[in-house]
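Remarks on the overall topology
Listed below are the residues making up each chain.
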Amino acid sequence: RRLLLLSRRGATAPGATELRTALEAAGAEVTVTACDITDRDALTTALARVPAEHPLTAVVHTAGILDDHTIATMNRGQLARVMGPKADAAWHLHELTAGLDLASFVLFSSVSGLVGAAGQANYAAANTFLDALAAHRRARGLPALSLAWGLWDDERGMRGSLDAAGLARWARAGLLPLPGELALELFDASLAGDSALTVPALLDPAAIDGTACPMLRGPAGTRVRRRTVSRSAAEAGGPESGWARRVAQLPEHERLAAAADEIRALTASVLGHPDADGIDASRAFHEIGVDSLTGVELRNRVSALTGLRLSPTTVFDHPSLDALTAHVLGRVSGEVAEREATVPV
C-alpha cells in the first residue's frame, strides 16, 4: 500500500498526477520522485529516503526505450541509449537492494530478446540482460522474475512507437497485442509461479509464417510447420523450380506484369497495407514508406519467394518497385536459362 514511483520526470511526467490520484483513491500512499535510475548516485539517494519504519520490500522495474536501427547503421550512442534504462538501471537496482529482505524483484523484459525483432538488436540485447540478471539473482538465492512481454495493446507504451509496418511485422511473427486486463492477469500468474523467466505473450499460431523464429514455430504445432515447409519448397526452391521457373516460362510480355504484381503485394504486406492498390511502383521506396528496416525485410521476403540470393542492399541499389522488379526478373531469367543450358540432354 506504500509506493515509491521513480521516473526521469517524476511528478511532471504525462499522466503522473492522474495516476497518483487513482492510486490514492484505491488506498495507497504514493511518493512520486524524479530520478534517472541509470544514474547510480541519484538512485542511491532516492532509495536512502525510504523510511526505516516502512522498508523497501519489492522492486518492479518497467523502464525501457526504443531506438531501432539495423546493425549496419547502429552506432554506440543508439546502443547505449537503449541499454541504459534496461541493463544499467536493473544492475544498479540489483546491487543497491541486494542486502534488503525483498519479497520480489520483477523485471519487465521483452519477447524480442528471445525471438529477435527487426531493427531491435540493441533492445533484444538489453532485455536478454534482464533475463540473465533474473537467473543470476535466483542462483544467489535472491528473489527475481523476468517477464519477457509480448506487445501490449496500449498506445502509451512501446506499441505507440510502432507504425503499421511495425505492427504488421509482429503480426506475421504470430504475436498479437495483449489486452491490458489479460496482461495484468498474466503478471499475477507469473508472480505466483516459481520461474525466473516467463513469456506473457498472445500467440496466434495460424499467423506464423516461414520467416518466424523457430521458437515460435514450435508452439504453433506440426500442422502449421508442415504447411510452411511445403510452401517454401514449392515457391522458393531456387531458380531451378517453383516461382522462378514458373515466371521464366511465361511468355515474355507476361513476365514483367506477373513479377511486378507479386513483388508489389510483398511490399504492401511489409508496409502493413491491406492491399497493394495504393502503391505506385514508379515512386522511390523512401517516398512510399520503405525505410532501412522494411527495406531489409522486403529483400528477405523477395529472396524467399524467388529463391534468389539477394544482397542486403538490393532494395537500396534498385530504389523503386519498377527497378527492383526488373532486377529480379533479369536475375531469374538469366539463372534459369543458364541452368537449363548446362543440363545434359
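Residues numbered from 1 in each chain as written. Predicted model: local features only at pLDDT ≥ 70, side-chain atom pairs only at ≥ 80, totals over all residues. Heavy atoms only, no water.

Turning our attention to the packing of helix α3 (residues 76–97) against helix α5 (residues 121–139). With their axes 8 Å apart at the nearest point, α3 and α5 run at an angle of 15 degrees to one another. Looking at the two axes, α3 sits roughly parallel to α5. Remark: the crossing between α3 and α5 carries right-handed chirality. Only N122, Y123, A125, A126, N127, F129, L130, L133, H136 and R137 of α5 make contact with α3, whose side of the interface consists of Q78, L79, V82, M83, K86, A87, A90, W91, H94 and T97. Class assignment for the residues of the contact of α3 with α5 results in 12 nonpolar, six polar and two charged. (Axes fitted to C-alpha atoms, helices over the stretch in contact; angles between N-to-C directions. Helix = DSSP H or I, 4+ residues; strand = E, 2+ residues; numbered from the N terminus. Parallel < 35°, antiparallel > 145°, perpendicular 65-115°, else oblique. Left-handed = near helix turned anticlockwise from the far one by under 90°. Contact = heavy atoms within 4.5 Å. Nonpolar A, V, L, I, M, F, W, Y, C, P; charged D, E, K, R; others polar.)

We now examine the packing of helix α2 (residues 40–48) against α3. The contact between α2 and α3 brings their axes to 10 Å, and the two run at 45 degrees. The orientation of α2 with respect to α3, classified from their angle, is oblique. In terms of crossing hand, the pair formed by α2 and α3 is right-handed. Residue-level contacts link R40, L43, T44 and L47 of α2 to H92, L93, E95, L96 and T97 of α3.

A separate point is the nonpolar core. Of all hydrophobic cores here, the largest spans 27 residues; its most connected members are W243, F285, L298, V302, L324, V328 and V332. For this core, the secondary structure elements donating two or more residues are α10 (242–248), α11 (252–271), α12 (292–306) and α14 (321–342). Counting residues per element, this core draws most heavily on α11, which supplies six residues. Setting aside chain neighbours within four positions, we find L324 in contact with I263, F285, L298, V302, T314, V315 and H318. Listed in part, the 17 residues of the second largest apolar core include I37, L102, L107 and A144. (Core = buried A, V, L, I, M, F, W, Y, C linked by side-chain atoms within 4.5 Å. Buried < 20%, exposed > 50% of the residue type's maximum accessible area, 1.4 Å probe, protein only.)

Taken together, the four strands give an open sheet; going across it, the order is β3-β4-β5-β7, and neighbouring strands pair in parallel fashion. Two strands in the sheet have a free side with no partner beyond their single neighbour: β3 (58–61) and β7 (197–198). Summarising the sheet, β3 and strand β4 (residues 104–110) pair through four bridges and their orientation is parallel. In the strand pairing of β4, V59 is matched with F105. Strands β3, β4, β5 (145–149) and β7 of the sheet are contacted by α5, whose axis makes an angle of about 155 degrees with β4. (Pairing = 2+ DSSP bridges.)

A word on the packing of aromatic side chains. Within this structure, the stated rule accounts for four aromatic pairs. Geometrically, the ring pair formed by W91 and F129 is edge-to-face, given 6.4 Å between the ring centres and 70 degrees between the ring planes. Highlighted residues: W91 in helix α3 and F129 in helix α5, separated in sequence by 38 residues. Here F129 falls in the partly exposed class, since its relative accessible area comes to 31%. When the ring of F108 is compared with that of F187, the centres are 6.1 Å apart and the planes differ by 55 degrees; the resulting orientation is tilted. With F108 in strand β4 and F187 in helix α7 (residues 180–192), this residue pair connects regions lying 79 residues apart in the sequence. (Phe/Tyr/Trp six-rings, centres within 6.5 Å; stacked < 30°, edge-to-face > 60°.)

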